[in-house]
Every structure is written in structure tokens, then in C-alpha cells.
Amino acid sequence: MSDEVIIRELVGLDQTMTIFPLYSQVSRLSEVVVCQRLAAMFAEGNYRCIAAYIDKRMVGASGFWTGTQLWCGKYIEADNVVVDNHAQSGHRRQDDGVDRGGGGAD
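Residues numbered from 1 in each chain as written. Predicted model: local features only at pLDDT ≥ 70, side-chain atom pairs only at ≥ 80, totals over all residues. Heavy atoms only, no water.

Engineer: Help me understand the confidence of the model for the chain in this model?
Structural biologist: Close inspection of predicted coordinates is inappropriate in any region flagged by low pLDDT. Of all residues in the chain, 83% attain a pLDDT of 70 or more, and the chain-wide mean is 87. Note on residues 91–100: pLDDT under 50 across the span, and 14 contacts to partners over four residues away in sequence or across chains. (pLDDT = per-residue confidence, 0-100. Contact = heavy atoms within 4.5 Å.)

Engineer: Even after reading the chapter, I still don't get the pattern of salt bridges, so can you show me in this structure?
Structural biologist: Here the idea is simple: oppositely charged side chains can pair when their charged atoms come close. The final tally for this structure, using the stated rule, is two salt bridges. The salt bridge involving Arg48 is made with Glu9; its shortest N-O contact spans 2.8 Å. Here Arg48 is found in strand S2 (residues 47–54), whereas its partner Glu9 is found in strand S1 (residues 6–10), with 39 residues between them in sequence. Residue classification places Arg48 among the partly exposed positions, given a relative accessible area of 37%. In this structure Glu9 comes out as partly exposed when scored by relative accessible area, which is 32%. Arg57 is paired through a salt bridge with Asp84; the nearest N and O atoms lie 3.1 Å apart. Of this pair, Arg57 sits in strand S3 (residues 57–69) while Asp84 sits in the segment after strand S4 (73–83); the two residues are 27 residues apart in sequence, bridging distant segments of the chain. (Salt bridge = Lys/Arg side-chain N within 4 Å of Asp/Glu carboxyl O. Helix = DSSP H or I, 4+ residues; strand = E, 2+ residues; numbered from the N terminus. Buried < 20%, exposed > 50% of the residue type's maximum accessible area, 1.4 Å probe, protein only.)

Engineer: Teacher, can you tell me more about the pairing of S2 here?
Structural biologist: Here is the key point about a regular strand: its side chains alternate between the two faces of the sheet. Across the eight residues of S2, six count as buried, placing the element largely inside the fold. Pairing between S1 and S2: five bridges, direction antiparallel. By the bridge assignment, Leu10 is partnered in S2 with Cys49. Here S2 pairs with S3 via eight bridges, running antiparallel. Of the residues in S3, the one forming a bridge with Ala52 is Gly60. Between S2 and the antiparallel strand that follows it, S3, lie two residues; Asp55 among them carries a positive phi value of about 50°. (Pairing = 2+ DSSP bridges.)

Engineer: What is the right way to look at the environment of Thr18 in this model?
Structural biologist: The topology assignment puts Thr18 in the loop between helix H1 (12–16) and helix H2 (20–23). With 33 residues separating them along the chain, Thr18 and Ala51 place their C-alpha atoms 9.4 Å apart. For Thr18, the side chain forms a polar contact with the main-chain oxygen of Gln15, separated by 2.5 Å. (Polar contact = N/O pair within 3.5 Å; in protein donor to acceptor, adjacent residues only side chain to side chain.)

Take a look at the structure:
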């Protein structure tokens with residue numbers, strides 16, 4: 001087993017939805033709701049997503065927004081960073097029953 005991490009951009013909704021099993025470790029949102037919200041985010045035109053892989057297994061993912069602000073110019077903002085429970089530094093987060101779906105109505 002290699003410990004080399006490969007980071008790849010997930011292009012489009014179909015590729016980005018491959019994060020759902022990983023994302024469902026930290027959220028109780030349904031696959032339908034996640035797909036609807038990602039579609040809306042992509043429609044805004046400045047949202048993208050990357051995933052980290054070890055031995056072809058997705059171990060992390062993050063969306064990110066890009067834009068331009070007056071005070072700093074171009075920027076990137078990480079959003080919804082998720083790391084696989086089994087890949088975290090030798091420990092697993094216990095399920096405490098808290099919905100970490102990001103608030104908002106479905």
C-alpha cells in the first residue's frame with residue numbers, strides 16, 4: 001500500500017457526485033439533496049471540487065469557490081472539506097448524532 005496522495009479535480013456533476021459516500025460520513029443529507037445543491041452551486045459558475053486519493057481510494061474531498069474581491073484580487077475559498085474517517089490520523093470520530101449537513105432547509 002502506497003501513502004502517496006493524488007489530488008484530482010472532479011469535473012461536472014457526475015464526477016463530483018462520486019464524493020457522496022465520503023460526504024455521507026459527516027452529513028445525513030440524502031443523495032438527491034446533495035445532487036440538487038451541487039447542481040445549483042455549479043450553476044453559479046465559480047464552484048469546483050477536488051478529491052484526494054490513496055491507492056485509487058478517495059480519502060478526502062473539498063469544494064472550493066473562486067472569485068475576485070476588491071481588497072485582495074483573485075481568491076480561492078475551501079468549502080466542505082471532508083477526510084475519510086479511516087484515513088484520519090489514527091483515530092475515528094465517533095458518531096455523536098449531530099447533523100453536520102450545513103444547516104439550510106432541504
